[in-house]
Amino acid sequence: MPGTRNKITVLLLIVTMALSAFTSCGDSKWTDGKAAPGTIVSETETEICIVDQAGREVTVGKYPNSIALCYRVVVRFLLSLDLGDRITGMGKNEQFFEDIQPSLKDCADVGQGVADIEALAELKPDLFIHKSTDVETLEAVEKIGIPALGINVETPDDMMTALKIIGAVCDKSEKAEMLIEYYEKELDSIDELTNNITERCTAVVMGSSIGKVADGSMLQGAMIEYAGGINCAADIDAGEIWPTAGTEQIFLWDPEYIFISNSQGATYTVDDILSDPAWSEIKAVKNKNVYLMPAEMDSWEFPGVVSLLGIEYMMNKMYPDIISEAELENKVDELYTLMYGKKLGREYLGY
Amino acid sequence: MILNINGLTYSYEDSERKVLNSVDLQIKEGDVMCILGPNGAGKTTLLNCMAGLLEYSEGNIEICERPQKEMSAKEIAGVIAYVPQTHTPSFDYSVMEFVMMGRAHNTSIFGRPGAEDEECCMNILRSMEIEHLADRSYINISGGERQQVLIARALAQEPEIVLFDEPTSHLDYGNQQRVLKKIMELSRAGIAAVITTHDPDHALLLGDKVAILDEDGHMTSGETDLITEERLRDIYNTDLRIMYVEELGRKVCLVPGIK
Amino acid sequence: MLGKRASVDNRQKSALINSVLFVLLAILVMVCLCVGKYSISPAECIKILWGNLFNISGDWDVMDENMLMGVRLPRIMAAVIVGAALSLSGAVYQGIFNNPLVSPDFLGVSSGACIGAAVAILFAMPSILIQISAFAGGIVAVLLTLLIPRIMKSGSNIMLVLSGIIVGGAMTSILGFIKYIADPETQLAAITYWQLGSFAYVDNKAIVAVLPLSVVAAIVMVAMSWWINILSLGESEARSLGADVRLLRGTCIVCSTILTAASICISGTIGWVGLVVPHFGRMLVGSDNRVLLPASCLIGGIFMLLVDTVTRIIGPAEMPVSILTGLIGAPFFAWLLYRQRRNVR
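So, here's what we can say about the structure. Because the structure is a prediction, the values reported are computed rather than measured.

## Focus: the interface of chain C and chain A
And then number 1: Across the contact, 29 residues belong to chain C and 32 residues belong to chain A.
And then number 2: At the level of secondary structure, the elements contributing two or more residues to the side of chain C that touches chain A comprise helix H3 (62-96), helix H5 (127-151) and helix H7 (188-196) of chain C.
And then number 3: Taken together, the residues that form the side of chain C that touches chain A break down as 17 nonpolar, seven polar and five charged.

## Examining the interface of chain B and chain C
And then number 1: In this complex, chain B contributes 30 residues to the contact, which on the side of chain C involves 30 residues.
And then number 2: For the side of chain B that touches chain C, the elements supplying multiple residues, two or more each, are helix H2 (73-77) and helix H3 (95-100) of chain B.
And then number 3: For the side of chain B that touches chain C, the element with the most residues is H2(B), which contributes three residues.

## Topic: helix H6 (residues 157-181) of chain C
Residues and elements named next belong to chain C.
And then number 1: Here H6 contains 25 residues, and its C-alpha end-to-end distance of 36 Å stays within 8% of the 36 Å for a straight helix at 1.5 Å per residue.
And then number 2: Those residues of H6 that fall on the buried side of the exposure criterion are Leu160, Ser163, Gly164, Val167, Gly168, Met171 and Leu175.
And then number 3: The inward-facing, buried residues of H6 contact helix H4 (109-122) and H5.

## Comments concerning the sheet that holds strand S11 (residues 257-260) of chain A
Residue and element names in this part refer to chain A.
And then number 1: The sheet built from four strands is open, its strands ordered S10-S9-S11-S12 with parallel pairing. Strands at the two margins of the open sheet, each flanked by one partner only, are strand S10 (230-231) and strand S12 (290-292).
And then number 2: Pairing of strand S9 (residues 202-206) with S11, which is carried by four bridges, proceeds in the parallel orientation. From the neighbouring strand, Val205 faces S11, where its bridge partner is Phe259.
And then number 3: In this fold helix H8 (residues 219-226) packs onto S9 and S10, with an angle of close to 155 degrees to the strand it touches most, S9.

## Topic: unusual backbone geometry
And then number 1: Following A:Lys62, the chain continues to A:Tyr63 via a peptide bond in cis, the omega torsion being -25 degrees.
And then number 2: For the bond from A:Pro294 to A:Ala295, the omega torsion is -10 degrees, close enough to zero to count as cis.
And then number 3: Inspection of the secondary structure assignment puts A:Ala295 in the loop between S12 and helix H12 (307-318).
And then number 4: The backbone phi angle of A:Asp171 is positive, close to 60 degrees, even though this residue is not glycine.
And then number 5: Among the structural elements, A:Asp171 can be located in the loop between helix H6 (156-169) and helix H7 (173-195).
And then number 6: Positive phi values are uncommon outside glycine, yet B:Glu158 reaches one of about 50 degrees.

Calculation notes
Residues numbered from 1 in each chain as written. Chains lettered and ligands numbered in written order. Predicted model: local features only at pLDDT ≥ 70, side-chain atom pairs only at ≥ 80, totals over all residues. Contact = placed C-beta atoms within 7 Å. Helix = DSSP H or I, 4+ residues; strand = E, 2+ residues; numbered from the N terminus. Nonpolar A, V, L, I, M, F, W, Y, C, P; charged D, E, K, R; others polar. Expected span 1.5 Å × (residues − 1). Buried ≥ 20, exposed ≤ 12 C-beta atoms within 10 Å, placed from the backbone. Pairing = 2+ DSSP bridges. Axes fitted to C-alpha atoms, helices over the stretch in contact; angles between N-to-C directions.

Here it is, written out as C-alpha cells:
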C-alpha cells in the first residue's frame, strides 16, 4: 500500500510543519490568560519578557531607547513617565506634546491610529506600543522584528497596569509607582470628599453631537460617578461607545449638569445649548450648568492620571463647596508638576 | 413643400464613413415616401435628421420653408411627428396619458394638457376605433395595438408629416395591412408620410414615392418604377423578382424559392 | 364616451388616494407627536398644540411644551421634510433619466455632501458651517458629474450615469481619505454619524435655512410633472414630441440636487428612501408623475416619520435611521422587483 504510506507521510509532514510554525512564531505567543498582564515572565541582563494587556508575552531588549506608537493616548503615558525624549515615531502631533517635549517636532510619522508598517520597518524603533484590542497590528509589527506592547486604558485599573508595564519595560518603574501612588491617593481622597454628599447631582457627558452620551461603561461616564454625581446615562447598554440617547431621553432625565466632551470634536457649543429655547427648562440649562470639558490644550478626560483633573473639575462645578476654584488650580499645578516637572498655567491650559 | 433636404451629409463621430452622403429629398403635402435600403444604410439616421434629433455636419433641411436649425423642438414637433419602433417603456402609462403626450408642443413648460386636448385625443382614438384602449396600460396591450397607439399619438400632434421608423417590422400580417392602410388614409387627408421599410413590396403596395439609400450613403429617389430587380439585387445582395399579378392588380416583389 | 369617463375616474381615484395619504400623514404626525420616551398625554399634547397655534396661554407644564414644540415637532417636521424631499427627487430622477433604478444620489450629491461635511468637521468648524459646507459639497459633486459628459462631448444618459459612477467613486475615495487623516479619537465619530444620517438632534436653524429654497425647487418640479412624463419616454422620443430635453432635464437636476442636498443638511445621508418610495408610489397611483410626485412626497414623509419614530422610541439608544431604512428598503425593493419581474428586462 504505497499510496496510503505516502498519504501518511504527507500528513505527518503537514503536522510537523504546523507545529514548527507554532513554535517558531517568535518571542511572543498567546498565553491562556493565566498570567495577569504586567507579570514579568523572565528577566535577564539584556532582556525582559512581560505579559502585555493583550495577554501576549512580549520580549523587549533592555532598555528601549526609541519608541514608536500610533495610538495617541500612549503619548501622554510616555510623557508622564519622562519617556518623551525616546519617542521617535508617532501619528498626528499636538501642540501640547511639542510644548512638553520639543523633540517631538521632528518625530517620524508612523500612521495615525493605523500603523504604517513600512514606516515602522524603516524607523526600526526598539519598541512599539499600541492598543491591546488591535492584536493584528501588534502581531504584524512583531513580524518585522519590533517588539510590540499591547496597552489597554479602558478602566482605571487597566490604566495603572499600563503605567506599570511601560515603567517596567522602560526602566521607569519608580516614576510609574509614583504616579500610581498619587492616583490612588487622590482617588481615595476624592472618595472621602464625595462620600458625605447627601444630595447627589445628576449629570451627563455629551459627545460629538447633541444626544450622544457617555454611558456607564465609558471613562467619561465613570468620571461623573467618581466626582460624586449620578450619570443619568449609566444604564444605557447599547454596546457602542457614545450611544445616541436622543434629545427626548435627555429631557426625560432632566440632568442638573451637562458636560460636553472636548475629545470628540463636538459640532455644537455650550452657547448652542444655552440659547436653544427648547432646552430652556432643562435644569442644567436653567441654572447655566452646561460646561465644555477642559482643558483646551490637554484634555482631562483622556485615560491616565490626568483624568483625575477631569473628575476634580466636575466636582468643582457640581460641588464647589467641596473643591473650590483655587483648590482645583492647586491640584492642576500639583499634577502637572508631578507628571512633567513643570506647572502649566491656567491661561496656557485653558480651563 | 413640407420638407426640403439638400446635400445632407452625416457621419458619426470618430468615423470616416458617411452614413448619409449628400442626400437630396423633397416631400410635399400628402406624399407617401418609402425609404428602402439594406441594414445599416442609415435609414433611421435620415429620419432622425429630419426630426431634428441628430446634428448633421453638412447640408440643410427646410421644414415648411424654414431652416430646421432655426426651429425649436416644439416648432418642429408641430410639423413633424415621429412614430418610433415599438418598445416597452420603463414606466407604465395609460393609453390616454400616452396619446396626450402628443399635445406637448402646444403646452407650456409648467403647463399640462387640458380638457380640450383630451377631447382631441379621444376623437383621434375614436377615429382609429381604439377608444376601448384609452384606459388600458400601454405596457399591457399587444404590439399591434401599441403601433396603433403610437400613430394616434403622432396624430395628436396634428402634424403635416409623419415619420415612420419600420412601422411594420414587428407586426403580423393583419396589423401590417392596418398600418399601411392608415398611412394611405393620412395621405388622402393631406398628411405626408415617410416610411423606412425592409420590404420592397410595401413600397409597391403604397405605390407612391420611393427612395433607395445605399451603403455609401447615396440616395436615389423617384416613383415606384425605381424599384427594379437589378437595383434590389444590388441593395440586398440577393435574388428578387418583381412581377405583375393580375389577380391583385398590382406589381409585387417576391423572393424566388430557396434551394 | 365610456373611455373618457373611465379616465376621469382614474384621475379622481388617484386624487382620492393622495387625499387619503395626506390625511394619513396628518394623523401620523399627531400620533407621533404624542409618543416618545418623554411621556406627555395626548390630551396635554393637543392642548399645547392648540394653544401654540392660536397663541393662547395655558396651565401646562413649560417643560412639556418645550419638549413638544421645541424638540419633537421640529424633529417630526424634519423627518417628514427629508422623507418627502428624497422621495420627490428620487421619483423625478427616475423619470428624467428614464431609469427606475436610479436614486437621488446617483449624480454624487450624497458623497459630495459627506465630503463637504467631513472637511468642515476636519477643520473643526461650527455646526452651521458644516451644514453649509455639506450643501455646497453636494452641489459641487453634481456639477462635476455634469461636467464630464460635457468634456467628452456626449449628451447621452449612459454617459451621465457613468460619469455619476466615476464622480461617486472618486468622492467615496476622497471621503475615505478624509476619514483616514481625520482624528480617529475625535473627528471620526462625527463624520460617521453624518454619513449614517440621524434626526437625533435637529437644528432648527438648518431647517429654516434650507426650507425656502427646497419648497421652491419642489414646486417647480411638481409644476413640471407632466413634462417629466414625456422625458421618461427617453431622450429622442421626448425631443420628437417637442420637449427641450436639456432645459427640462437641467432644471429638474438643479431642483432635485437642491432638495437632496438640503435634506442631507438636515439629517445627514439617508439611503433607500429615494429609490424605494417612488416605486411604492407607482404601485398605488400609477406612473403619471402629475399624481406620482405629490404621492411620493406624502409616502416619503410618512415612511421617514414612521422609521424615525421607531428609532426614537425603541431601545435605550437610538440607532442611525439609515440602518433601519436599509433594513426595510432592501427587502421591500426585492419584493417590488418580484412583483414586477415581468416588466423588468
